[in-house]
Amino acid sequence: MRIRAQVAMVMNLDKCIGCHTCSVTCKQTWTNREGTEYVWFNNVETKPGIGYPKHYEDQERWKGGWKLDGRGRLVLRSGGRLARLGKIFANPDLPSIDDYYEPATFDKDVLVNAPAGLSDTPVKRPYSALTGSPMSVQWGANWEDSLGGQTAQEDPNLAGLADRVRFEFEKTFMFHLPRICEHCLNPACVSACPSGAMYKREEDGIVLVDQDRCRGWRMCVSACPYKKVYVNHATGKAEKCTLCFPRIEAGQPTICAETCVGRLRYLGIVWYDEDAVLAAASVPESELLDAQRGVFLDPHDPVVRAAAREAGHPEEWIEAAAASPVWTLISEYRIALPLHPEYRTLPMVWYVPPLSPVLDAAGAAGRDTADADDVFHTISELRIPLEYLASLFTAGDVEVVAGVLMKLAAMRSYMRGRTLDGTVAAELLDGIGMTGEQVEAMYRLLAIAKYDERYVIPAAHSRQAAVLDSQAAGQPGCPVGFHPDSVTPRADGRRGLTIDVERS
Ligand code: SF4
Ligand code: SF4
């Protein structure tokens, strides 16, 4: 077992109001520069929809992520080394600017300097931020916001549901899906990079681009199934979400999490076994979710804590991992799910699926408080088809999604009964296999958790990084107590986990 730490995120989709504050603050922090006008490290999509860039979930078209070959080996969809070499100067699997959107700017001087007394109101017109030419705005990163854009029917996750979903007023459904880089445990972008410019940091698993090494081959853009690597057209180099590493290093949450209006993001450490990653990414599709959960190590387990200590992880990290809301939501309550586990990258941003349309299970049954039958019956009649959520979060396993939604619905009914008249529906708890204390703790974490409970980020990180830097500089040793054996020195002297590029 090689124990590693990963900074991971969970988002509770029930609480996202689609305000885009996270996108705007991220853009102001990281991509308000020339060359990144079209880039949104954080974007918020409306589902159903085709997303940003358009149809990014269609891996037949973009060749993102991993697949099993005929012999059951994990290979990049974008092809092996020779195949990628063959298209290094003309990669056919790249989204064009029209798939993202052509960014526009406006001639505001027309408004500011308009002479007084004009008979017509002056109008600012859009100009391309890329070419400077007048343009007509045709698309945007959130063009489909709240089911605008008339493209919801093209969502690939609706395949086979045409007879169940009606895009008519008061019959349709929608929810918001905020997305950032997944900082995957098995990142396809890192394996596909011919220059070795992309790397996964040893100390916290954040995936970054070495700007000095990047040669702009763009293989990472094709290989990422979430399309969360972008090309800066001014520098010609790849850029991506950094998980706000300077803030994480200081023990602060990412800017998207810090400013999230819905307070729906959780950040914390999870321990995982690096030796188990390849096997977990290689199991049959129906076993992927359990395999991915199985890679995580219980931070309360004395054996794991001892192993972390032995590997040189600081005591603050061991305690932070034990208090991690991410571990709690993924592995303890088992209500958070990964986005498209079938891409086999082992994403590390997980989601609590949305439940809003079944909020009033009791009302639907004509009672003040719901009993177990009301709750479980309502789940089966969810306006968001279970199959749709399963396509997004469980590689098609409807039962897992139903189980998660039942827990959330039961929690609401339990808390409603307890708050309104002090009744406690014991059969609700039996139905989901949780105790009253667990349900109340889950409610607290999801509904009213304070800042320090949502973001448990140890600040000891910078000391680990300093040790890793000294090792990379050929000065093994540990001035601050970080065990040098806990990192695997790379043959090329660079930092970062050695992702097995031969897999591809
Ligand atoms: Fe790489 Fe992030 Fe894409 Fe995963 S989501 S493959 S880490 S760019
Ligand atoms: Fe959703 Fe929070 Fe982003 Fe607003 S700031 S869109 S609530 S994730």
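Residues take numbers from 1 onward in each chain, read along the sequence in its written order. Whichever chain is written first is A, and whichever ligand is written first is 1; the rest continue in order. With pLDDT at 70 or above as the cut-off, local features in this predicted model cover only qualifying residues; side-chain atom pairs require 80 or more to be listed or tallied, and sums for whole chains, interfaces and linings still use all residues. Excluding hydrogens and water, the side-chain figures rest on all heavy atoms present in the structure.

Q: For this particular structure, what's the right way to read a nonpolar patch on the surface?
A: A contiguous nonpolar patch, built from F106, V137 and W143 and spanning about 240 Å² of accessible area, is present on the exposed surface. Secondary structure follows DSSP: runs of H or I at least 4 residues long count as helices, runs of E at least 2 residues long count as strands, and numbering of each begins at the N terminus. Relative to the helices and strands, F106 is located in strand β5 (residues 104-106). Only residues whose relative accessible area exceeds 30% and that form no salt bridge enter a patch; like-charged residues are grouped when within 9 Å of one another, and nonpolar side chains (Val, Leu, Ile, Met, Phe, Trp, Tyr) when within 5 Å. Surface accessibility follows the Shrake-Rupley procedure with a 1.4 Å probe radius. Residue values consider only the protein chains on display as shielding. What makes a salt bridge here is a side-chain nitrogen of Lys or Arg within 4 Å of a carboxyl oxygen of Asp or Glu, nothing more.

Q: What should I look at first to understand the packing of helix α17 (residues 386-393) against helix α18 (residues 398-420) in this one?
A: Lines fitted to the C-alpha atoms define the axes, with helices restricted to the stretch that makes contact. Angles between their N-to-C directions range from 0 to 180 degrees. Following both chains from N to C, one finds α17 and α18 inclined at 105°, their axes separated by 8 Å at the closest point. Between α17 and α18, the angle falls in the class roughly perpendicular. Residues L386, E387, L389 and A390 of α17 pack against V398, V401, A402 and L405 of α18. Residues are grouped as follows: Ala, Val, Leu, Ile, Met, Phe, Trp, Tyr, Cys and Pro are nonpolar; Asp, Glu, Lys and Arg are charged; every other residue, Gly included, is polar. Of the residues assigned to the contact of α17 with α18, the class counts are seven nonpolar, no polar and one charged. Any angle from 65 to 115 degrees is called roughly perpendicular, while one under 35 is roughly parallel, one over 145 is roughly antiparallel, and all others are oblique. It only takes one pair of heavy atoms within 4.5 Å for two residues to be counted as in contact.

Q: What is the right way to read the pairing of strand β15 (residues 349-352) from this model?
A: The two faces of the sheet receive side chains in turn, since in a regular strand these alternate between them. Think of it in three bands: with a 1.4 Å probe and only protein chains considered, a residue is buried below 20% of the maximum accessible area for its type, exposed above 50%, and partly exposed in between. Of the two faces of β15, the one carrying V349 and Y351 and the one carrying W350 and V352 are both buried. Where strand β1 (residues 3-12) and β15 come together, four bridges link them in parallel fashion. Bridge pairing links M11 to Y351 in β15. When DSSP locates at least two bridges between a pair of strands, those strands are taken to pair.

Q: Any chance you could explain the environment of E387 here in plain terms?
A: Mapping E387 onto the fold places it in helix α17. The sequence separation of E387 and N157 amounts to 230 residues, and the corresponding C-alpha distance is 8.3 Å. The residues contacting E387, other than those within four sequence positions of it, are L161, R164 and V398.

Q: Got a minute to help me understand the pairing of β1 in this structure?
A: Burial analysis of β1 places 10 of its 10 residues in the buried class, which makes it a mostly covered element. Side chains of β1 alternate between two faces, with I3, A5, V7, M9 and M11 and R4, Q6, A8, V10 and N12 buried alike. Pairing of β1 with strand β12 (residues 265-273) involves nine bridges; the strand directions are antiparallel. Across the sheet, residue A8 finds its bridge partner in β12, namely G268.

Q: In this structure, what is going on with the sheet that holds strand β13 (residues 296-297)? I would like to understand it.
A: The strands that make up a sheet are held in pairs by hydrogen bonds between backbone atoms, and each pair lies either parallel or antiparallel. Pairing is mixed across the open sheet formed by five strands, whose spatial order is β13-β12-β1-β15-β14. In this open sheet, the two edge strands, each paired with only one partner strand, are β13 and β14 (337-338). Pairing between β14 and β15: two bridges, direction antiparallel. Bridging from a neighbouring strand, L337 pairs with Y351 of β15. Each of β1, β12 and β13 is contacted by helix α12 (residues 302-310), which is oriented at about 120° to β1, the strand it contacts most.

Q: Just to check I follow, could you spell out the environment of V231 for this structure?
A: Its place among the elements puts V231 in strand β10 (residues 229-232). On the basis of relative accessible area, V231 is assigned to the buried category, the value being 10%. Taking the C-alpha atoms as reference points, V231 and V39, 192 residues apart in sequence, are found 8.4 Å from one another. Residues in contact with V231, not counting those within four places in the same chain, are G35, Y38, R218, V221, G236, K237 and A238.

Q: What exactly am I supposed to notice about the site of ligand 2 here?
A: Definition of nearness: a residue and a molecule or strand are near each other if at least one heavy atom of the residue lies within 4 Å of the molecule or strand. Around ligand 2, 14 residues are found, and the nearest of them are C16, C19, H20, C22 and C260. When grouped by side-chain class, the residues that make up the shell around ligand 2 number nine nonpolar, four polar and one charged.

Q: What is the right way to look at the confidence of the model for the protein chain in this model?
A: Regions with low pLDDT carry predicted coordinates that are not meant to be interpreted in detail. What pLDDT conveys is the predictor's confidence in a given residue, as a value from 0 to 100. When pLDDT is averaged across the protein chain, the result is 88; 87% of the residues are at 70 or more. Counting contacts from residues 475-490, a segment whose pLDDT is below 50, to residues more than four positions away or on other chains yields 36 contacts.

Q: Help me understand the pattern of salt bridges in this model?
A: Side chains carrying opposite charge are able to pair once their charged atoms draw close together. Scanning the model with the defined rule gives 23 salt bridges in all. Two residues, D290 and R334, come together in a salt bridge whose shortest N-O distance is 3.9 Å. With D290 in helix α11 (residues 288-295) and R334 in the loop between α14 (325-332) and β14, this residue pair connects regions lying 44 residues apart in the sequence. You can call D290 exposed: its relative accessible area is 52%. Under the relative-accessibility criterion, R334 is labelled partly exposed at 36%. Between E440 and R418 there is a salt bridge, with the nearest N and O atoms lying 2.9 Å from each other.

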